[in-house]
Amino acid sequence: AIWPKHPPSSRARGGRGPSAERPSMKALNKIRSTLKTDAIEEGTQQVAPPEFKAPIIKVKPQPRKHKVISYGYRVLVEEEVPEMYNFMYMPDQEQPEDLHRGCIPAGFSAGVPVDDQMVYFYTREGSTGPEYQVVYTRPDPDGGDVPAFSMVLEWTDDVDAVWVETLQRLEDSMELSEDALNFLDADPLWLFGVADPATQRALEKTAVVPMLRCMGQRPCIEEWFAYLNADEKGDIDYKWVVESFAEVELPQPYTSFKGVGSVVCYLNNETNETTWKHPFYDYFAQLLNHCRRSTSEEHIKLRINRVLWSYEAESQTDLQNQMPLVSPKYVKTLSEILGCDLMEEPYMVRTLKTFLKAFSQMYHEGELDTQEVKWCQEIVENERAKQAVARQMPFETDPTEQLDTGAGQVYCIQCGNIASCYCPECGDCLCDQCFTFLHAKGNRANHEPNHFIPCAICKVNPAKLQCTYTRGKYCTECYTKKHAKTLPKFLELKPLKIDYKRSAKEDRKKLGHPNSEVTISPVDLAEEADPEIKETFSKPAPLETTLGEKWHAFYDLRGVKYYFNFETQESMRRPQDDLICPAASVDVKAKAKRKEIVGFMAMSKDPRLLPEWYDGVEANQGGDDDADEK
């Protein structure tokens, strides 16, 4: 049995039968010669093009069981629905004469349950009109991946043909019962809900109100792009707007749920009104249009402003658990804004930390300046150029390393001549002339150099070792080759290392020398307030550090330092284990004895005991007896 449908009416064609008389050719030529061209054109009738009449969808008196998965969208040509997508249907079965015009959507999908299974119906936009497909699958009862029965018909523009073939296959395969086949014996557009007043109202509503589709448990990023009428490829630079829209929390008293047709609905719990429009839809739609019209600098400025605003909002919500602004999260966000790849460009982390501090200060003082954004872009390009040059240059030996292990002469870092002193504050070896020139003004005028002591034997190289037997000072080569051979062999003598890097000014500070003038510079105060300033501003990041250039230092909300790797997303609290000095073993007896002696000294009124004991070492055994005798 096939559902009834009214085919489009055909026009009757007029004509004569075979017995009709035909004028002779001579008479016809005579008539043609006497008539003028104008008369022929006036007497000629033009045939009107055939009119397309929309099919009428018949309603079957049975309950509706369809479930709309996706409403799809209306196909528009010059803001109108083409005629091949239109049909006529009866919204009310009791009023068969009341016909309404309907539209076949593209991308529509729905299912009808029959015999504990689902028959799916799909539509898409074709070249000449809508195309249809029917799918039916019965899974394996044992739970296997291969279904027990599968029927997927090809796409076609004839809905009648595809549905007749569907019913025929289901009947031949005996997949469905007789009652199920009788239920499916109806017009597919009515059976699957295309010719349903609710579906048509939803399609009309989509032309005015935006609709967020949700085919899964939560809307994906592609569905949010479609919700804002954005292109995934053309608007890739503004993906952050769509992501922010997807992550924003609904204001009170709104809640969301997945409604009919896989459409996200928003419910106002105070008024009990339901809408498809997100409460913040207008804001993000205007934000997207503003980004499209703005320049690249204005776009970056807008993104930075939003990042800082989000950080301030999170701080007000949960201040105790809020991480510092200079953290891996915001450094990564700023790198995406400025177009930096932290996996390929780890040296940019220090620069991005500085940018975050500067942007935060400008944000609190007022509004970010577009010129500042341009300068930041120039700094990023300069850092890349410097890194490219640095990668091509060979590594140079630091002259100060020769003060520790190297042998031979030490040269000035400025002019290349033989150095005569070392500046602990600057960390450089200099000659007398260069030291005087570089330390003539500013804070450097307060630097105190450590002058090199010439070797007692060669008188040329700086002395680096001091003999514990003769107290003489020698260079490494003279001590090992000459002086060591003159020492007594039965004594295991080891020389002392002369530390030129030690600062006399720092030693006076630690000892509290009364004659030392302690001055605190603004730089020192800033470094005490923010320890990371010294790491960020003083010197450029080395190409190779102890932990490698991919590990970067940060501070958590308690001020504890940790290291983070943007490539592996790993973090650790301390450096490598081989770099940590093991704790010295504690002698319990010596500690108890020291405590006893210190306590006795604190209670004793005799001042003579004080010089007899120092650094936890007692004087000779006869010291007390000698003191008593005296």
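Residues numbered from 1 in each chain as written. Predicted model: local features only at pLDDT ≥ 70, side-chain atom pairs only at ≥ 80, totals over all residues. Heavy atoms only, no water.

Engineer: Help me understand helix H12 (residues 348-365), please; the structure alone is not making it clear to me.
Structural biologist: Each α-helix turn comprises 3.6 residues. Residues three or four places apart therefore point the same way. Compared with an ideal rise of 1.5 Å per residue, which puts 18 residues at 26 Å, H12 spans 26 Å between its outermost C-alpha atoms and is within 8% of the ideal. Buried within H12 are the following residues: Met348, Val349, Thr351, Leu352, Lys353, Phe355, Leu356, Phe359, Ser360 and Met362. (Helix = DSSP H or I, 4+ residues; strand = E, 2+ residues; numbered from the N terminus. Expected span 1.5 Å × (residues − 1). Buried < 20%, exposed > 50% of the residue type's maximum accessible area, 1.4 Å probe, protein only.)

Engineer: Even after reading the chapter, I still don't get the packing of aromatic side chains, so can you show me in this structure?
Structural biologist: What characterises a pair of aromatic rings is the spacing of the ring centres plus the angle enclosed by the ring planes. Applying the stated criterion across every chain, the model contains 20 aromatic pairs. When the ring of Phe121 is compared with that of Phe192, the centres are 5.0 Å apart and the planes differ by 15°; the resulting orientation is stacked. Of this pair, Phe121 sits in strand E6 (residues 117-125) while Phe192 sits in the loop between helix H5 (188-191) and helix H6 (197-206); the two residues are 71 residues apart in sequence, bridging distant segments of the chain. Exposure remark for Phe121: the relative accessible area of 1% places this residue in the buried category. The class of Phe192 is buried, set by a relative accessible area of 0%. Ring geometry for Trp224 versus Phe245: centroids 5.0 Å apart, planes at 70°, classification edge-to-face. Linking Trp224 in helix H7 (residues 221-227) with Phe245 in helix H8 (residues 239-247), this pair joins segments that are 21 residues apart in sequence. One exposure class covers both Trp224 and Phe245, and it is buried. The rings of Trp224, Tyr227, Phe245, Tyr281, Tyr283 and Phe284 are connected pair by pair, giving a single aromatic cluster. Lys65 extends its terminal NZ or CZ atom over the ring of Phe183, reaching a point 4.9 Å from the ring centre. (Phe/Tyr/Trp six-rings, centres within 6.5 Å; stacked < 30°, edge-to-face > 60°. Lys NZ or Arg CZ within 6 Å of the ring centre and 35° of its normal.)

Engineer: Looking at this structure, I do not really get unusual backbone geometry. What am I missing?
Structural biologist: For residues other than glycine, phi is negative in most cases, and the peptide bonds are mostly trans. Following Gln252, the chain continues into Pro253 via a peptide bond in cis, with omega recorded as 5°. If you trace the backbone, Pro253 turns up in the loop between H8 and strand E9 (254-258). Phi at Met174 takes a positive value of approximately 55°, unusual for a residue other than glycine. Looking at where Met174 falls in the secondary structure, it is placed in the loop between helix H3 (159-173) and helix H4 (178-184). The class for Met174 is exposed, based on a relative accessible area of 69%.

Engineer: Which parts of the structure should I look at to understand a negative patch on the surface?
Structural biologist: Among the surface-exposed residues, Asp115, Asp116, Glu171, Asp172, Glu178 and Asp179 lie close enough to one another that they form a single negatively charged patch. At the level of secondary structure, the elements contributing two or more residues to the negative patch comprise H3 and H4. Structurally, Asp115 can be placed in the loop between strand E5 (109-114) and E6. Judged by its relative accessible area of 38%, Asp115 falls in the partly exposed class. (Patch = residues over 30% accessible without salt bridge, like charges linked within 9 Å, V, L, I, M, F, W, Y side chains within 5 Å. Areas by Shrake-Rupley, 256 points an atom, 1.4 Å probe, with all protein chains shown as cover. Salt bridge = Lys/Arg side-chain N within 4 Å of Asp/Glu carboxyl O. Lys, Arg positive; Asp, Glu negative; His and termini not counted. Charge placed at Lys NZ, Arg CZ, Asp CG, Glu CD.)

Engineer: I keep staring at the packing of H12 against helix H13 (residues 370-392) and nothing clicks. Help me out?
Structural biologist: Following both chains from N to C, one finds H12 and H13 inclined at 170°, their axes separated by 11 Å at the closest point. Compared by their axis directions, H12 and H13 come out roughly antiparallel. When H12 is examined against H13, the residues Met348, Thr351, Phe355, Phe359 and Met362 are found in contact with a partner set consisting of Glu372, Cys376, Ile379, Val380, Glu383 and Arg384. Among the residues making up the contact of H12 with H13, the classes are represented as seven nonpolar, one polar and three charged. (Axes fitted to C-alpha atoms, helices over the stretch in contact; angles between N-to-C directions. Parallel < 35°, antiparallel > 145°, perpendicular 65-115°, else oblique. Contact = heavy atoms within 4.5 Å. Nonpolar A, V, L, I, M, F, W, Y, C, P; charged D, E, K, R; others polar.)

Engineer: Can you walk me through the nonpolar core in this structure?
Structural biologist: Formed by 44 residues in total, the largest nonpolar core has its most connected members in Phe121 and Leu184. Per element, the largest residue contribution to this core is five residues, and it comes from H3. Among all residues touching Phe121, those that are not within four sequence positions of it are Phe108, Ser109, Ala110, Tyr132, Gln133, Val134, Val159, Pro188, Leu189, Phe192 and Val194. (Core = buried A, V, L, I, M, F, W, Y, C linked by side-chain atoms within 4.5 Å.)

Take it as geometry only, folks, not as evidence of what the structure does.
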